[in-house]
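Listed below, chain by chain, are the residues.
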Amino acid sequence: EDPVTEERFVTVKYDAAGKEAWSRFLPQGNPFALAVGRDGSVYVGGNHGPFDSQAYAVLKYDAEGNQEWFVRYPGSAQAMVLDAEGAAYMTGSSTSVNSRGEKERFIATVKYSAGGGLVWEARDPQEAGVLAMSPGHLALDGEGNLYVTAISQTGTQPSTLETLIFKYGPDGHFIRRTRYREPGTDRTLAFRIATGAGNVYLTGSVGDALFPGILTAVLDGEGQLLWSGSYFAADGLDAGVEAFAVD
């Protein structure tokens, strides 16, 4: 294997003056998330290993750059979030083989404690009639509930894309699955999520696949729509979401 082209986890800390304090490396990785705990610990999340045996991965360093733990979970991770106690949550897709020898695909969400132990895992199967289900992002609310988004595809020529929101309690128990599709469109990909004031905020793309607009929607704590709004570029070009925030 050519070491020049190998993907790996690279984590670098700079001090307040901009001087490198430490740097750490982990081979065979594709990181996508970074979070810092209240004690200065650093969490790096991503996918680890070759494609045919890829796994979710969370790597934790203390404030001095010493590795505290490294954990893997079978599947392909998409997002990570950290809570106030230093627990890490990840979501993505995972597969298993059922008793009939058929491969089943799940949206798999896991929680690891600040010490690196697996606290709980939730595996939500693809429903009958759904052609594909892709993991999105996740967010915690002030009560410790976790919200996970996914995109569900049904039908063909054209297919219907809608947003799913899974809600789990602090102990990982399943609370509800909410479906959201913006009225008047067959394509709602509101995969980015945030919480605030007891509500759930979503944003993503909506409308035609070639020239999509930007959708923002707000649901209450029970999954009911409060309001939504769409933005389409005046020049007819496509518009996409890179980030959003709730005040």
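This one's a predicted model, so the numbers in the text were calculated from it and none came from an experiment.

Student: Quick question: what am I supposed to make of empty space enclosed by the protein here?
Tutor: To find leftover empty space, one rolls a probe the size of a water molecule over the atoms. Counted under the stated rule, the structure contains one cavity of 30 Å³ or more. The volume enclosed by the largest cavity comes to roughly 70 Å³. Lining the largest cavity are Tyr 147, Ile 165, Lys 167, Arg 176, Thr 178, Val 200, Leu 219, Asp 220, Gly 221 and Gly 223. Listed by contribution, the elements that provide at least two residues to the lining of the largest cavity are β13 (160-168) and β14 (174-180). A per-class count over the lining of the largest cavity returns four nonpolar, three polar and three charged.

Student: Would you mind showing me how to read the layout of surface pockets here?
Tutor: Here the largest pocket defines a volume of roughly 190 Å³. The wall of the largest pocket is formed by Phe 51, Asp 52, Ser 53, Gln 54, Pro 74, Gly 75, Ser 76, Ser 93, Ser 94 and Thr 95. Considering every element that reaches the lining of the largest pocket, the biggest residue donor is strand β8 (residues 88-97), with three residues. Considered class by class, the residues forming the lining of the largest pocket number two nonpolar, seven polar and one charged.

Student: Is there a simple way to explain the pattern of salt bridges in this structure?
Tutor: Pairing between side chains of opposite charge can happen when the charged atoms of each approach one another. Under the criterion given, the structure shown has six salt bridges. A salt bridge links Lys 60 to Glu 68; its shortest N-O distance comes to 3.4 Å. By relative accessible area, Lys 60 is classed as buried at 5%. Measuring nitrogen to oxygen at the nearest pair gives 3.8 Å for the salt bridge that ties Arg 181 to Glu 162.

Student: Would you take a moment to explain the side chain of Lys 60 for this structure?
Tutor: With respect to the element layout, Lys 60 can be found in strand β5 (residues 55-61). Side chain to side chain, Lys 60 and Tyr 43 meet in a polar contact 3.2 Å long. Apart from residues lying up to four places away in sequence, Lys 60 is in contact with Ser 41, Val 42, Tyr 43, Asn 66, Gln 67, Glu 68, Trp 69 and Ala 114.

Student: Explanation requested: the pairing of strand β4 (residues 42-48) in the structure shown.
Tutor: Within a regular beta strand, the side chains point alternately toward one face of the sheet and then the other, so they alternate between its two faces. Among the seven residues in β4, seven count as buried, and that is most of the element. As paired elements, strand β3 (residues 29-36) and β4 share seven bridges and run antiparallel to each other. Bridge pairing in β4 places Ala 35 opposite Tyr 43. The antiparallel pairing of β3 with β4 creates a hairpin that spans five residues between the two strands, and Gly 40 there sits at a positive phi of about 90°. Note that β4 and β5 share seven bridges and pair antiparallel. Among the inter-strand pairings, Gly 46 is bridged to a residue of β5, identified as Ala 57. In textbook terms, the turn of a hairpin is the stretch between consecutive antiparallel strands, and for β4 and β5 this stretch comprises six residues, one of which, Gly 49, has a positive phi near 100°.

Student: Explain the environment of Tyr 89 here, please?
Tutor: Of note, Tyr 89 is situated in strand β8. C-alpha of Tyr 89 to C-alpha of Glu 121: the two residues are 32 residues apart in sequence and 9.6 Å apart in space. Setting aside anything within four residues of it in sequence, one finds Tyr 89 in contact with Ala 79, Met 80, Val 81, Asp 83, Val 110, Lys 111, Trp 120, Leu 138, Leu 140 and Leu 146. Within the structure, Tyr 89 has its side chain in polar contact with the side chain of Asp 83 (distance 3.0 Å).

Student: Can you help me understand the sheet that holds strand β10 (residues 118-125) in this one?
Tutor: Backbone-to-backbone hydrogen bonds join strands into a sheet, with any given pair of strands oriented parallel or antiparallel. Pairing within the open sheet is antiparallel, and its four strands lie in the order β7-β8-β9-β10. If you trace the sheet from one side to the other, it starts and ends with β7 (76-82) and β10, each paired once. Across the sheet, the axes of successive neighbouring strands diverge by a mean angle of 25°, strand direction being ignored. Here strand β9 (residues 103-112) pairs with β10 via seven bridges, running antiparallel. Along β10, the bridge assignment pairs Tyr 112 with Leu 118.

Student: Could you clarify how one ought to interpret the sheet that holds strand β6 (residues 67-74) in this entry?
Tutor: The four strands lie next to each other as β3-β4-β5-β6, forming an open sheet whose pairing is antiparallel. Looking at which strands have only one partner, the edges of the open sheet turn out to be β3 and β6. Between one strand and the next, the sheet's axes are offset by a mean angle of 20°, whatever the strand orientation.

Conventions and cut-offs
- Residues numbered from 1 in each chain as written.
- Predicted model: local features only at pLDDT ≥ 70, side-chain atom pairs only at ≥ 80, totals over all residues.
- Heavy atoms only, no water.
- 1 Å grid on protein atoms, 1.4 Å probe; cavity = no way out; pocket = protein on both sides within 12 Å on 5 of 7 lines; lining within 4 Å.
- Points joined across faces, edges and corners; volume = space filled by probe spheres on them.
- Helix = DSSP H or I, 4+ residues; strand = E, 2+ residues; numbered from the N terminus.
- Nonpolar A, V, L, I, M, F, W, Y, C, P; charged D, E, K, R; others polar.
- Salt bridge = Lys/Arg side-chain N within 4 Å of Asp/Glu carboxyl O.
- Buried < 20%, exposed > 50% of the residue type's maximum accessible area, 1.4 Å probe, protein only.
- Polar contact = N/O pair within 3.5 Å; in protein donor to acceptor, adjacent residues only side chain to side chain.
- Contact = heavy atoms within 4.5 Å.
- Pairing = 2+ DSSP bridges.
- Axes fitted to C-alpha atoms, helices over the stretch in contact; angles between N-to-C directions.

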